[in-house]
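# Overview (structure and organization)
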Amino acid sequence: MDDMAREALEEMTGDSLDTYPVGRAPCAHHVVEGDNKSKVFFYMSEYLAGEVEDGREFMWLTKEEMKEVISPEVYSSINRAL
């Protein structure tokens, strides 16, 4: 799964962002309610250098700012990992 997390990060930011994965296991997960319950796993990476490619939408947020941007359910799932 950690390979998929790295691929997803590169797909979202482009290949010019240099990051370092912190561990090989997820740091948090969130259960998505619905007909087919599924889990979303979160992996932590350290930013080292580089830029997000032009045209890609992203935000650098503090822990407090994240609380205002993402849903309370997801925030409660990842809060301890932040």
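Residues numbered from 1 in each chain as written. Predicted model: local features only at pLDDT ≥ 70, side-chain atom pairs only at ≥ 80, totals over all residues. Heavy atoms only, no water.

## A few points about the overall build of the protein chain
Looking only at helices and strands, the protein chain features three helices and four strands. In the protein chain, the order of α-helices and β-strands from amino to carboxyl end is α-β-β-β-β-α-α. For the protein chain, the residues scored as buried account for 13% of the 82 residues in total. (Helix = DSSP H or I, 4+ residues; strand = E, 2+ residues; numbered from the N terminus. Buried < 20%, exposed > 50% of the residue type's maximum accessible area, 1.4 Å probe, protein only.)

## Here we look at a nonpolar patch on the surface
A contiguous nonpolar patch, built from Tyr20, Val22, Met44 and Leu48 and spanning about 370 Å² of accessible area, is present on the exposed surface. Residue placement: Tyr20 occurs in strand E1 (residues 18–21). (Patch = residues over 30% accessible without salt bridge, like charges linked within 9 Å, V, L, I, M, F, W, Y side chains within 5 Å. Areas by Shrake-Rupley, 256 points an atom, 1.4 Å probe, with all protein chains shown as cover. Salt bridge = Lys/Arg side-chain N within 4 Å of Asp/Glu carboxyl O.)

## Section: the nonpolar core
If you look at the biggest cluster of nonpolar residues, it comprises five residues: Ala28, Met66, Tyr75, Ile78 and Ala81. Apart from the residues within four sequence positions on either side, Ala28 is in contact with Val40, Phe41, Phe42, Ser77, Ile78 and Ala81. (Core = buried A, V, L, I, M, F, W, Y, C linked by side-chain atoms within 4.5 Å. Contact = heavy atoms within 4.5 Å.)

## Considering the packing of aromatic side chains
For any two aromatic rings, the description comes down to two numbers: the centre-to-centre distance and the angle of the planes. The final tally for this structure, using the stated rule, is two aromatic pairs. Note on Tyr47 and Trp60: the rings are 5.4 Å apart at their centroids and 65 degrees apart in plane angle, and the pair reads as edge-to-face. Of this pair, Tyr47 sits in strand E4 (residues 45–49) while Trp60 sits in the loop between E4 and helix H2 (63–69), and the two are 13 residues apart along the sequence. For Tyr47, a relative accessible area of 41% translates into the label partly exposed. Taking relative accessible area as the criterion, Trp60 reaches 60% and is therefore assigned exposed. When the centroid spacing of 5.9 Å and the interplanar angle of 80 degrees are considered together, the rings of Phe58 and Trp60 count as edge-to-face. In textbook terms, an aromatic cluster arises when at least three aromatic residues are bridged by ring pairs, as seen for Tyr47, Phe58 and Trp60. (Phe/Tyr/Trp six-rings, centres within 6.5 Å; stacked < 30°, edge-to-face > 60°.)

## Some remarks on the layout of surface pockets
If you add up the space inside the largest pocket, you get close to 1,400 Å³. Around the largest pocket, the lining is made up of 34 residues, and of these Leu9, Met12, Tyr43, Ser45 and Met66 lie nearest the centre. Elements with a contribution of two residues or more to the lining of the largest pocket: helix H1 (2–13), E1, strand E3 (38–42), E4, H2 and helix H3 (72–78). For the lining of the largest pocket, the element with the most residues is H1, which contributes seven residues. (1 Å grid on protein atoms, 1.4 Å probe; cavity = no way out; pocket = protein on both sides within 12 Å on 5 of 7 lines; lining within 4 Å. Points joined across faces, edges and corners; volume = space filled by probe spheres on them.)

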